[in-house]
Amino acid sequence: MRSLGTLLLLFLLPTTLAFKQSDFKTCSQSGFCRRGRALAARAQESPSSWRSPYSIEPPKLNPHQPGFTTSVHSSIHPSVEFVLDVIIHEKGIVRVRMDEKNGLRKRYNEAAQWALIGEPLSSDDVLWTIDREKAKAVYGPKKDMELVVDFNPLKITLFRGGMEQVVLNGRGLLHMEHFRTKENSKPAEHIEGEGQSVLQVNPATWFEGDTQDAFWDETFSTWTDTKPKGPESLSLDITFPSHAHVYGIPQHATNLSLPSTTGPTARYTDPFRLYNADVFEYLSDSPTSLYGSIPLMHAHSAKSTVAVFNALASETWIDIAHVEKGGVQTHWISESGILDVFLLPGPTPTDVFTQYAHLTGTAPLPAHWSLGYHQCRWNYVSSDDVRGVQNRFDEEDFPVDVFWLDIEYAEDHRYFMWNKKTFPDPVEMIKDVEAVERKMVIIIDPHLKRANDYPVYKRASELGILVKPKNGEGEYEGWCWPGSSSWIDFFHPASWDFWISLFKTKTIDDQWSWTESTDSVGIWNDMNEPSVFNGPEITMPKDNVHYGGWEHRDVHNINGMLFANHTFQAAEARTDPPRRPFVLTRAFYAGSQRFGAMWTGDNLGTWEHMAVGIKMVLANGIGGMPFAGSDVGGFFGNPEPEMLVRWYVVGAFSPFFRAHAHIDTKRREPYLLEEPYKSLVRDILRLRYSMLPVWYTAFRETSESGVPILRPQYMMFPEDEAGFGIDDQYYVGSSGLLVKPVTQKGVKEVSVYIAEDQVYYNYFTNHAHRPQNRYITLPANLDQIPLLIRGGSIIPTRERPRRSSPLMKYDPFTLRIALDTAGNARGEVYLDDGETYGYGRGDVVWRGFGAESMKGKGIGIGMVRISSVDLATRTEVGAYHPENEFARSVGDVRVEKLVVLGLGKKPLSVVLDGGKELEWEFVSEGGVLVVKDPAVRVVDDWAVVVKLE
């Protein structure tokens, strides 16, 4: 039963039952966005005469230095000083910074500090030349990279092989609004003198316009932003002349290949917006900003891939125009901050991912259990409810790893503190779940109830670490789930140790902590945009003040990241030595991937939201945050059984797999379904669990390289233009699995696009498909999943159904060996204890599997040799030893079955290399060989020889 407080808050929510555009600004309602678009319009009206007012002093250059710093001159504001810094870093990354020098105030310049893992190292392989008009740097292993900096007007161009890749300020839209006083910021006026009236002409009018549009204050609905620093926005045009597709800048509900927002091909009237917001029941096709913001854009063509990372933390609008010549023009308009742009040169999609990871880090290896199935709703209402749900999962034989608690566990929404009427025995409840190798995840939101009998708020108030209102004094008071609330300022260094102390499960130094918890509880950080029910656009006022005197407008998009980052560190610090924590965050920024998972927020139970959720998860992977998923079934609504079954397939093929539902929805735990839907969902869950070795191996790869787990078509086949816009099918890591989830009602079959002349096998029937005209048609009835294995792949699975993933630790493996057209295949499996950081010490098992065919005397294959080798010995994996502690612990785990697909004929024999004849059977239809119990261990080197003649 819901509390009266919750009912009142539901009534007070600024949106009810549907997305309300009026709760959120459009560009036309945002002063700095209006100014930025007006600037672009003036430039478009005068294309032949338009010229950027910014120029630079020719720098003094040593030919081999990595970059330079020089002054920037503005012809429209000659008394204002700017400084430009251009540096070429390792991996060919170019960083361009511009700031106001000796200004009245300081522009926010710390966004990159929070996003980067460290200051990138400069390149030592650069050769600069300079003439009267430009400076040019040549660099790269092939010396095919050129960075050209034009002096007047200022323009920066990155070339590869003589072809333009990225151009900054090529259209002359760069504009850094300088700090000024209100008195010295008057428009043109008439001055009387010596009997005549003289018009004081503003020399900047042609560029900036003739009105002071929302310079000093701005009203939206009932809120007024006081803008005490005046105008400080930043405009920059970034052009990709040779690339027709752009991707990234999550989070938006739209196509993976981003559509135009301006020009004749515009799909939307507003630019894409980056401004973390609590968007209730968001639209399934919109440029509206959602919960997270990663200002990273990839541009792709058949010849190359490049990217830009624009390290800004303030509200940003991005116009996109696809031009006739095949390029893309973008215009970035940000409210505050310095210009701090990184150019990632590629030239392949994989190169760009590794270059971005070099800057911002990779997603760490998650706790293995977090890749299982998560069951959640708002809310499981009591300890008995949790136990009852767990019992039903066991009784109905559904695997599950995690049960979640939403906000109603907390007394008056005082997070960390239990409502003892409904949860009288929280630690015992958690331990009951953990007793069968499962976990609980519990929500901790960032708003603190303003009550002196709430120890978390009381201590935070005493430490002075709460966000302040616009006058910089006291504590900001807003409204969220507990009612009157305040927010910890995680930019304040004193907040960090305090937050860590709260998660301790034992009392230390008499400080209050979450002793009614366990060291294994995962944490869910919601509402961290931050969501403020009575705030402008359901968030915090922009003129609130954070540590260091920065306004909230300067740091808004980073705010939620810091909450999740410090939660991750607090959860990690609960034990010594630390164990891998699990943290789910709704708000995120560049670098958030280092600290946990995300989900796509408050989606609806509709086919459209199911479909766009796939695109959003793909986009998040491109944004460097691969541990992502959307709520199965939709947060809102009561999906019909067909839709729910299809959505479980989407979830099973997402990195993060959670079912979640709103408090007003009907219960929809999978065991409540009628047949045949119940059995269908059970089979889908079991399929996910059987494939956990694939998922965990994919996470190992992304934790090293930054390459996404879910890989869209353009990434797998970067030269195949027909695949650049495909976003409804994708590959899982390097496994060779290709899935196309069904996201429409009543579908009986699907057409899967294949970019290569290669055989693909149906995962379930083993049928070999050879694409006709690049497409494969697959049956897709409700009990069928369009899932293919790419020829040349080896898929490791564990086929024994278990209640949870830790119980599979000692289960044997099945290897599906899908031979390519040449009769070869490869794959791998990575294992560790799934909980600790022992993998850094080399406590791993990492095996590479291969199938190599040798020609026979006739036309076909005469022999296939299937082998296992130790990949860890061939790479740098800690202080690795084949007989490490973990390897010994799983030393008895064996390979119980080999399934070889694509053999042309029946074998004569199947022999363990150097050993005995093995038991096998052959199905001539499809050429499928099944080798039963080859009696080999997963930790060993071994080979099985299949003789065909």
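Draft legend 1. Examining the overall build of the protein chain more closely. Along the protein chain, the regular secondary structure elements total 16 helices and 51 strands. The C-alpha atoms of the protein chain give a radius of gyration of 29 Å, which matches the 30 Å a tight globule of 949 residues would have. Once the C-alpha set of the protein chain is aligned to its principal axes, its extents read approximately 110 × 70 × 55 Å. Across the 949 residues in the protein chain, those meeting the buried criterion constitute 63%. Contacts in the protein chain between residues far apart in sequence, at least 24 positions, make up 71% of those at least 6 positions apart. Between the averaged position of the 97 positive side-chain charges in the protein chain and that of its 122 negative side-chain charges there is a distance of 3 Å.

Draft legend 2. Structural detail: the pattern of salt bridges. Under the definition given, this model contains 65 salt bridges. Two residues, R580 and D833, come together in a salt bridge whose shortest N-O distance is 3.5 Å. Within this pair, whereas R580 is found in the loop between helix 10 (552-572) and strand 30 (583-585), its partner D833 is found in the loop between strand 44 (825-831) and strand 45 (845-855), the two being separated by 253 residues in sequence. Between K740 and D728 there is a salt bridge; the shortest N-O distance is 3.6 Å. One end of the pair, K740, is in the loop between strand 36 (737-739) and strand 37 (749-753); the other, D728, is in the loop between helix 15 (713-716) and strand 35 (730-732), and twelve residues separate them in sequence. For K740, a relative accessible area of 15% gives the class buried. Here D728 falls in the partly exposed class, since its relative accessible area comes to 35%. Beyond isolated ion pairs, a larger network of salt bridges with shared partners links D225, K229, E232, R273, E315, E335, E537, K542, E551, R553 and D554.

Draft legend 3. Representation of the side chain of T330 in the model. Inspection of the secondary structure puts T330 in strand 21 (residues 328-334). A relative accessible area of 0% places T330 in the buried class. A distance of 3.0 Å separates a polar atom in the side chain of T330 from a polar atom in the side chain of W332. Once residues within four sequence positions are removed from consideration, T330 is found in contact with R171, L236, D237, I238, F240, M297, I318, D319 and I320.

Draft legend 4. A look at the sheet that holds strand 38 (residues 760-762). Read from one edge to the other, the open sheet built from six strands follows the order 34-35-36-41-38-39, with strand pairing classed as antiparallel. Each end of this open sheet is capped by a strand with a single partner; those strands are strand 34 (710-711) and strand 39 (768-769).

Draft legend 5. Structural detail: helix 10. Helix length check: helix 10, at 21 residues, gives a terminal C-alpha distance of 28 Å against a target of 30 Å (1.5 Å per residue), a fit within 8%. Of all bends in helix 10, the biggest is about 50°, found at I558. Burial analysis of helix 10 places 19 of its 21 residues in the buried class, which makes it a mostly covered element.

Draft legend 6. Representation of the packing of helix 9 (residues 494-502) against helix 10 in the model. The geometry of helix 9 relative to helix 10 is characterised by a closest axis approach of 8 Å and an angle of 50° between their N-to-C directions. With respect to helix 10, the axis of helix 9 lies oblique. In this structure, the crossing between helix 9 and helix 10 has a hand that is right-handed. Of helix 10, the residues touching helix 9 (which contributes W496, W499 and I500) are F563, H566, T567, Q569 and A570. For the contact of helix 9 with helix 10, the class distribution of residues is five nonpolar, three polar and no charged.

Draft legend 7. Just the sheet that holds strand 3 (residues 81-88), in detail. A sheet is described by the order of its strands in space; here eight strands give the open sequence 1-2-3-4-22-19-18-16, paired in antiparallel fashion. Across the chains shown, the open sheet's two edge strands, defined by having one partner strand only, are strand 1 (54-56) and strand 16 (245-248). Going from strand to strand, the sheet's axes swing by 20° on average, the running direction of each strand aside. Here strand 16 runs beside strand 18 (residues 296-300); their pairing, made up of four bridges, is antiparallel. Residue pairing across strands places V246 opposite A299, the latter belonging to strand 18. The sheet strands contacting helix 5 (residues 349-360) are strand 18, strand 19 (305-310) and strand 22 (339-344), and the helix crosses strand 19 at an angle near 25°.

Draft legend 8. Region of interest: unusual backbone geometry. Here W378 and N379 are connected by a cis peptide whose omega angle stands at 15°. If you trace the backbone, N379 turns up in the loop between strand 23 (374-375) and helix 6 (383-395). For the bond from E529 to P530, the omega torsion is 10°, close enough to zero to count as cis. With respect to the secondary-structure elements, P530 resides in the loop between strand 29 (522-525) and helix 10. Unusually for a residue other than glycine, E281 sits at a positive phi of about 55°. Mapped onto the fold, E281 is located in the loop between strand 17 (272-274) and strand 18. Of note, the phi angle at F416 is positive, near 85°, even though the residue is not glycine. For F416, the position within the fold is in the loop between strand 24 (402-405) and helix 7 (426-434). Residue class for F416 comes out buried when judged on its relative accessible area of 2%.

Draft legend 9. Seen up close, the pairing of strand 19. Burial analysis of strand 19 places six of its six residues in the buried class, which makes it a mostly covered element. With five bridges connecting them, strand 18 and strand 19 associate as antiparallel partners. Of the residues in strand 19, the one forming a bridge with A299 is V306. Counting the residues that bridge the hairpin from strand 18 to strand 19 gives four residues. Bridge count between strand 19 and strand 22: four bridges; the pairing is antiparallel. When the bridges of strand 22 are listed, V308 appears paired with L343.

Draft legend 10. Local environment of the environment of R586. Relative to the elements of secondary structure, R586 occurs in the loop between strand 30 and strand 31 (597-599). Judged by its relative accessible area of 1%, R586 is buried. Expressed as a C-alpha distance, the spacing of R586 and W599, which sit 13 residues apart in the sequence, is 6.2 Å. With residues up to four places along the chain from it excluded, the contact list for R586 reads D278, Y291, G292, N525, D526, M527, N528, E529, S531, W599, G601 and D602. Within the local environment of R586, its side chain forms a polar contact with the side chain of D278, the two groups lying 3.3 Å apart. Among the polar contacts made by the side chain of R586, one reaches the side chain of E529 at a distance of 2.7 Å.

Draft legend 11. Quick peek at the packing of aromatic side chains. If you walk through the whole model with that rule in mind, you get 53 aromatic pairs. A centroid spacing of 5.3 Å and a plane angle of 90° characterise the contact between F393 and Y671, whose relative ring orientation is edge-to-face. Linking F393 in helix 6 with Y671 in the loop between strand 33 (658-659) and helix 13 (677-690), this pair joins segments that are 278 residues apart in sequence. A relative accessible area of 6% means that Y671 is categorised as buried. For the pair Y696 and Y830, a centre-to-centre distance of 5.8 Å together with 35° between the ring planes defines the contact as tilted. Placement of Y696 in helix 14 (residues 692-705) and of Y830 in strand 44 is noted, with a sequence separation of 134 residues between them. Residue Y696 shares its accessibility class with Y830, and that shared class is buried. Grouped by ring-pair contacts, the aromatic residues W369, W404, W524, F582, W599, F627, F656 and F699 constitute a single cluster. The cationic tip of R658 hangs over the ring face of W404; the distance from NZ or CZ to the ring centre is 4.6 Å. Here the guanidinium or amino end of R688 rests over the ring plane of W695, the centre of that ring lying 4.5 Å away.

Draft legend 12. Local environment of the state of the cysteines. Summed over all chains, the structure comprises one disulfide. Each sulfur of the disulfide joining C27 and C33 lies 2.0 Å from the other. A torsion of -100° about the S-S bond marks the disulfide between C27 and C33 as left-handed. Under the relative-accessibility criterion, C27 is labelled buried at 2%. The thiol of C376 is not disulfide-bonded; the next cysteine sulfur, from C480, is found 17 Å away. Residue classification places C376 among the buried residues on the basis of a relative accessible area of 2%. What makes C480 buried here is its relative accessible area of 0%.

What counts and what doesn't
- In every chain, residue numbers begin from 1 and rise along the written sequence.
- In view of the model being predicted, local features appear only for residues whose pLDDT reaches at least 70, and side-chain atom pairs are presented and counted only at 80 or more, with totals across whole chains, interfaces and linings using the full set of residues.
- To get the side-chain values, all heavy atoms of the structure are used, and hydrogens and water are removed first.
- In this description a helix means any DSSP run of H or I spanning at least four residues, a strand means any run of E spanning at least two, and both kinds are numbered starting from the N terminus.
- C-alpha atoms define the radius of gyration in this analysis, and the globule rule sets the expected value at 2.2 Å times the number of residues to the power 0.38.
- Partly exposed residues are those whose accessible area sits between 20% and 50% of the maximum for their type, while under 20% is buried and over 50% is exposed, using a 1.4 Å probe and protein chains only.
- Contact between two residues is taken to exist if any of their heavy atoms lie within 4.5 Å; hydrogens are not considered.
- When charges are counted, Lys and Arg contribute as positive and Asp and Glu as negative, whereas His and the chain ends are disregarded.
- The atom standing in for a charge is NZ when the residue is Lys, CZ when it is Arg, CG when it is Asp and CD when it is Glu.
- In what follows, salt bridge is the name for a side-chain nitrogen of Lys or Arg lying within 4 Å of a carboxyl oxygen of Asp or Glu.
- The definition of a polar contact used here is a pair of N or O atoms within 3.5 Å, where within protein one atom must be able to donate a hydrogen and the other to accept one, and adjacent residues in sequence count solely through side-chain atom pairs.
- The pairing criterion for strands is at least two bridges between them, as found by DSSP.
- Expected helix span is taken as 1.5 Å per residue step, with the number of steps being one fewer than the number of residues.
- Bend angle per residue: angle between axes fitted to the 7 residues ending at that residue and the 7 residues starting there.
- All axes here are fitted lines through C-alpha atoms, helices being fitted over the stretch that makes contact, and every angle between N-to-C directions spans 0 to 180 degrees.
- Roughly parallel means an angle under 35 degrees; roughly antiparallel means over 145; roughly perpendicular covers 65 to 115; every other angle is labelled oblique.
- A clockwise turn of the near helix away from the far one marks a right-handed crossing, whereas an anticlockwise turn of less than a right angle marks a left-handed crossing.
- Only Asp, Glu, Lys and Arg are considered charged in this grouping, and only Ala, Val, Leu, Ile, Met, Phe, Trp, Tyr, Cys and Pro are considered nonpolar; every other residue, Gly among them, is considered polar.
- When two rings of Phe, Tyr or Trp (its six-membered ring) have centres within 6.5 Å they constitute a pair, described as stacked for plane angles under 30 degrees, edge-to-face for angles over 60, and tilted for the intermediate range.
- Lysine NZ or arginine CZ positioned within 6 Å of the ring centre and within 35 degrees of the ring normal marks a charge as sitting over the ring.
- The disulfide criterion used throughout: a pair of cysteine sulfur atoms within 2.5 Å.

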